[in-house]
Amino acid sequence: MINQLIDYCKFSEKIDEWKLKQDYVISQKKLGEEYKSISRWLSIYNHKDIEKWRKSVGEQVADYITEKSKERGNMVHKTIKDYLSLSWVDRKKHFDSSHGSFGSMPIEFRTGHFLYDILFMQMCINLENISDVYMCEDWLYSDKYKLLGRVDCVARVHDYMAIIDFKTKTTRRTKMSVSEGIQLTAYAEMFNEMFNTNITNIVIMGVSEDGGVWTYRRETKHYKPLLEDLIRYEKR
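Fair warning: this is a prediction, and the values are worked out from it, not measured in the lab.

1. Some words on helix α6 (residues 114-127)
Okay, so step 1: Under the 1.5 Å per step criterion, the end-to-end length of α6 is 19 Å for 14 residues, consistent within 8% with the ideal 20 Å.
Okay, so step 2: With 10 of 14 residues buried, α6 is to be regarded as a mostly interior element.
Okay, so step 3: Y116, D117, I118, L119, F120, M121, M123, C124, N126 and L127 are the residues of α6 that are buried.

What follows is the structure in structure tokens.
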């Protein structure tokens, strides 16, 4: 038990050291020349689907939906980050997702937007399963794959370590998409390379405006071949 505690402290110190220098190190990676952003890179491969959707709803409507989705995601993500920065005891003390509303949500955590606060409190049903938060919206990179990106969260979910992505949607999702699986697998590969770990679990925690709340867990082995195929294709 003591040895496990010592190992945990050393690992946490290593990650804390990275957080202090991450912005400088990432700035030296020559984004777009030598290293590619995994999220922007994957968006290129989703370009045809996005264009098809924009044509179906019209450019003005598409712009409006995109802007509102971005705002919703940013606001809820910020609240999630603030929530995960609290100790587990303080989370249980100040938040109570069983109320089904943001009535138990501290004033300082509220966004001022009714919908965004409700979405966050719905998400708390999943967030309560997270502990040992190592990273939250921090940079990762891989010299092997020449990729970098900002991961939503690296933490323990129930009894396993995982790369976690938080999603806010208009309607409920029924599965993890292929592009989401590839992106989270890339984050897992980056983290494992940087810190000599072996995280194989990837998790999507999502909430939607129609009342949906979900958690989908997969393993990186399902997506790593696809990630490597894309990288080989890019190098052609």
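2. Observations concerning the pairing of strand β3 (residues 147-157)
Looking along a regular strand, one sees the side chains alternate between the two faces of the sheet.
Okay, so step 1: The element β3 is extensively covered by neighbouring structure, given that 9 of its 11 residues are classed as buried.
Okay, so step 2: With 2 bridges joining them, strand β1 (residues 36-37) and β3 adopt parallel strand pairing. When the sheet's bridge partners are listed, S37 is paired in β3 with L148.
Okay, so step 3: In terms of strand pairing, strand β2 (residues 130-142) meets β3 through 9 bridges, oriented antiparallel. Looking across to β3, one finds that C136 is bridged to C153.
Okay, so step 4: From the end of β2 to the start of β3, which pair antiparallel, there are 4 residues, and K146 there has a positive phi angle of about 60°.

Rules behind the numbers
- Each residue is numbered by its place in its chain's sequence as written, counting from 1.
- This being a predicted model, a pLDDT of at least 70 is required before a residue's local features are given, and a value of 80 or more before pairs of side-chain atoms are given or counted; all residues contribute to the totals for chains, interfaces and linings.
- Just so you know, side-chain values use all the structure's heavy atoms and leave hydrogens and water out.
- Secondary structure counts use DSSP, requiring at least four H or I residues in a row for a helix and at least two E residues in a row for a strand, with both numbered from the N terminus.
- What a helix should span is 1.5 Å times the count of its residues minus one.
- Remark: exposure states derive from per-residue accessible area (1.4 Å probe, protein chains only) relative to the maximum for the residue type, with buried under 20%, exposed over 50%, and partly exposed in between.
- What makes two strands pair is DSSP finding at least two bridges between them.

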